[in-house]
Amino acid sequence: MTEKNMRDFNDTGSLAGAIDFHLANTVGKTPDAASTTDWRLALSRAVRDKLIDPWFEATRRTYAQDNKRVYYLSMEFLLGRILQDAVNNLGLEDAARSALASHGVDFADVVCDEPDAALGNGGLGRLAACFLDSLSCLGIPAYGYGIRYAHGLFQQSFEDGRQVEMAEGWLRQQHNWEFERAECLYDIGFGGEVNETGGNAIWTPTDVVSAQAYDTPVPGWRAGWTNTLRLWSAKPKKIFDLEPFNRGEYMEAAAPEVLAETISRVLYPDDSTEIGKALRLKQEYFFTAASLQDLLRRFLTHNGDLRALPSKVAIQMNDTHPAIAGPELIRLLIDTHGFDFDDAFGIAQGTLNYTNHTLLPEALEAWDTRLMADTLPRHMQLIERIDARLSKDAAAAKATARIVEDNKVNMGTLAFACANRVNGVSALHTDLMKQTVFSDLHQVYPERILNQTNGVTPRRWLHGCNRGLRDLLNETIGTDWVCDLEQLEKIAPLADDADFRARFMQVKQDNKQMLTSWVKDRMGIEISPDAMFDVQIKRIHEYKRQLMNALETAALANAIRRDPDADWTPRVKIFGGKAAPAYLDAKNIIRLINDIAVSINSDPVIGDRLKVLYPPNYNVSMAEILIPATDLSEQISTAGKEASGTGNMKFALNGAVTVGTLDGANVEIRDHVGDDNIYIFGMTAEEVEAARAGYDTQAYIDQSPILKEVIDQIREGVYSPGEPTRHWPVLEKLLRDDYFMVAADFDAYWAAQRQVDKGFADKDAWARMAVLNTAHSGWFSSDRTIQGYADAIWGVASLAGESK
Ligand code: D6G
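What this report covers is the structure whose coordinates are included nearby.

Criteria and cut-off values
Residues numbered from 1 in each chain as written. Predicted model: local features only at pLDDT ≥ 70, side-chain atom pairs only at ≥ 80, totals over all residues. Heavy atoms only, no water. Helix = DSSP H or I, 4+ residues; strand = E, 2+ residues; numbered from the N terminus. Near = heavy atom within 4 Å. Polar contact = N/O pair within 3.5 Å; in protein donor to acceptor, adjacent residues only side chain to side chain. Areas by Shrake-Rupley, 256 points an atom, 1.4 Å probe, with all protein chains shown as cover. Nonpolar A, V, L, I, M, F, W, Y, C, P; charged D, E, K, R; others polar. Salt bridge = Lys/Arg side-chain N within 4 Å of Asp/Glu carboxyl O. Buried < 20%, exposed > 50% of the residue type's maximum accessible area, 1.4 Å probe, protein only. Pairing = 2+ DSSP bridges. Axes fitted to C-alpha atoms, helices over the stretch in contact; angles between N-to-C directions. Phe/Tyr/Trp six-rings, centres within 6.5 Å; stacked < 30°, edge-to-face > 60°. Lys NZ or Arg CZ within 6 Å of the ring centre and 35° of its normal.

**Quick word on unusual backbone geometry**
Part 1: Phi is positive for alanine 223, close to 55°, though the residue is something other than glycine.
Part 2: Its location among the elements puts alanine 223 in the loop between strand S10 (207–219) and strand S11 (226–236).
Part 3: A positive phi is found at lysine 398, a non-glycine position, where the angle reads about 55°.

Set out below in structure tokens:
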């Protein structure tokens, strides 16, 4: 960044002038007529202006150096709000606050007016957003490539405790962070047939749509480097059928447009659950094919020989959603650039890498061969060739891995076969990949799998969302921690300093007070900020075991009712999360939680000893309010099922103590924060698998009077008095198929929670644990993760410090 830019960033006057300018010239309003949204649009444009010079500079330097670039292909980028993050990164908060205040406008109101960019379902999409931030912070030349969904993740409300979904419409307002690239258009074909002419395959698709780029600058810290997020929007090749329109057949005239735009219309709201829809396959191919055409075009502007592609380009496939990149890149190399299959395969494999995010069998993508052949006939041919190649290698290694099996194309196997490196997202998950789902492939290619434990960006997840802790850290250890999170270790010795502990816990208390007001405003429920705030926020899924938490909550209420005068540690239990609309078992759990909440919150005998909240429509912005105010972080998935988790890291970073199983990155959180500063319970991944044979839910329930009482109450309709059978489906599922072993782990969970009660009651000891959780969380920065990818997978270097 030039000195002039630096001056601009610190110059309140210049930002205030820019806001006034944009309010008049971009929004078209005078200050007295401007709404909160108008001010937001004006501020956003003024802030975006500040990104332009550093963005151009980074682009120029990347071209000039012609080093290797990274392309991160992800079906999801769960960005959340952009304005506050940009303001933070640029160091413009004070300037923005005072510029708006001079017009009597509150900065916080303006920031909160922005709809979340919810182009993702949960952890995978949020991880991609954290990675973009870290790539820019580290100055690694990179593009994020994804889909510009017109409708992001659905909005959730509750009606009588039931989840109701509504379409989300973030683009109905002006979205002024992006630049439309009308000229950046690629043809994407579907269907049709393949003909061989003179040894060449010619694919003639029946349907062709255009992919159009929209670019959003992604600034790193203080805009020292700025990358691009390029999202593709589907447009019709032929805008309009004039002939039917003239006949008065307006629907028919609009049909091509509607059909094409359907491809980027809606984010699929599934998360770790089976999907298999034709449209989803089209979405996957649409954004992957556009991205590959775009990056090859860019490569070829400076390089003549595509054999050099692996030395200039690293493509990361975020899960299997872009796994069609293997066959597509091979297709482009053979059919457009004249390579033979073996060379094309070598180039593609040298360029592509694959991150696996789940071992849950139902979430591993597999497409019917018929659907694949109908949608992408040329790719199906190439998949067969890749499979033949794999099976040869497998035979040599005495393994049996295949891509095409039982009329399905296994996308995980395809991605693996086409990748240079394959990584898991926590140490445990990577080990399990080698032992289970990919054991065969690991035998064939023993060097290919490696681990890169996930991380979170400290800019959003501490600096941005927890002002109190940010200020305390800045004052205590300086500001370097923002881009070097291991610096947090410096506060570890202060866990023994009573004054520091008091200040640390005062920050927590202030955050809890803010959450208390938020809850009162949003839900009309009074809670005490002195209670323990116990939070489980994530997608609702059986493996994450919100049900176990709900059952424990009901059991705790029973215990309180029996002996209200005992020395209870008051708790506020907070749930947050959405269920995939078609995932009925998860939706049943949501309704049960809501009914349990009503029963507990309305019981005067329980009073402030226990409250249960389930604020609807959990999203990134809600997480930013909840996490800094949390005392206890619930990370209670069945061991072996949560690949990593990233919420767990955000909580620990913000001084929450974890109650959790030895699953995903919880294992590494324990290693870093130490056994004394985390509550671990339950079966290990090995014990879970050992317990499968002869597993008997009823036997576990019979052994646990505490659990049994709650199960009986649910059966009797205690939580749904108007409709006693309402929650029977939850019980029926639990008794028939407790695959995620809620019953087996319940007693251990209950016991751990009683230890937590005792721990929280000892204010000093708890404060120590809280401080040490923050102090030892530095390793969970996504900067560390991205540096790991850069070194071990991509072989790329930072350009941020390079001379121009
Ligand atoms: C991004 C950044 C901008 C650049 C544009 C096109 O929007 O500075 O001009 O991409 O870059 P290429 O796609 O041609 O590399």
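**Observations regarding the site of the ligand**
Part 1: Every residue close to the ligand is listed here: Trp55, Phe56, Thr59, Tyr63, Tyr143, Arg181, Asp215, Thr228, Arg230, Arg297 and Arg298.
Part 2: Arginine 230 has a polar side-chain atom sitting 3.5 Å from an oxygen atom of the ligand.
Part 3: Here an oxygen atom of the ligand and a side-chain polar atom of arginine 297 are 3.1 Å apart.
Part 4: In isolation the ligand has 380 Å² of accessible area, and contact with the protein removes 80% of it.
Part 5: Counting residues per element, the ones that place at least two in the shell around the ligand are helix H3 (36–65), S11 and helix H10 (278–302).
Part 6: For the shell around the ligand, the element with the highest residue contribution is H3, accounting for four residues.
Part 7: When the residues that make up the shell around the ligand are grouped by side-chain class, the tally is four nonpolar, two polar and five charged.

**Side note on the pattern of salt bridges**
Where side chains of opposite charge bring their charged atoms close, a pairing between them can arise.
Part 1: Under the definition given, this model contains 61 salt bridges.
Part 2: In this structure, the salt-bridge partner of arginine 460 is glutamate 624, at a minimum N-O distance of 2.7 Å. Of the two residues, arginine 460 sits in helix H19 (residues 458–464) while glutamate 624 sits in helix H24 (residues 620–626), which places them 164 residues apart along the sequence.
Part 3: Judged by its relative accessible area of 6%, arginine 460 is buried.
Part 4: Taking the shortest distance from any N to any O, the salt bridge between lysine 573 and aspartate 534 comes out at 3.5 Å. On the criterion of sequence distance, the pair formed by lysine 573 in strand S20 (residues 571–576) and aspartate 534 in strand S19 (residues 532–537) is long-range, its members being 39 residues apart.
Part 5: On the accessibility criterion, lysine 573 (0% relative accessible area) is buried.

**Here we look at the sheet that holds strand S4 (residues 142–147)**
Part 1: Pairing in this open sheet of nine strands is mixed, and the strands run S7-S10-S11-S4-S1-S12-S13-S17-S18 from one edge to the other. Sheet topology places strand S7 (179–190) and strand S18 (449–451) at the edges, where each strand pairs with a single neighbour. Averaged over all pairs of adjacent strands, the angle between their axes in this sheet comes to 25°, without regard to strand direction.

**Some words on the packing of aromatic side chains**
Part 1: A complete count under the given rule lists 27 aromatic pairs for this structure.
Part 2: Between the aromatic rings of phenylalanine 500 and phenylalanine 504, the centroid separation amounts to 6.2 Å while the plane-to-plane angle is 45°, which identifies the pairing as tilted. One end of the pair, phenylalanine 500, and the other, phenylalanine 504, are both in helix H21 (residues 498–523), four residues apart, so they sit about a helical turn from each other.
Part 3: Given the relative accessible area of 4%, phenylalanine 500 is considered buried.
Part 4: Taken together, a centroid distance of 5.1 Å and an interplanar angle of 35° make the contact between tyrosine 695 and tyrosine 700 tilted.
Part 5: Among the aromatic residues, those joined into a cluster by ring pairs are Tyr71, Tyr143, Tyr145, Tyr186 and Trp232.
Part 6: Here the basic side chain of arginine 48 rests over the ring of phenylalanine 179, its NZ or CZ set 3.9 Å away from the ring centre.

**Some details on the sheet that holds strand S15 (residues 404–405)**
Part 1: Strand order in the open sheet formed by three strands is S14-S16-S15, and the pairing between neighbours is antiparallel. Looking at which strands have only one partner, the edges of the open sheet turn out to be strand S14 (366–368) and S15.
Part 2: Where S15 lies against strand S16 (residues 408–410), two bridges are found, and the strand directions are antiparallel. Bridge pairing links glutamate 405 to lysine 408 in S16.

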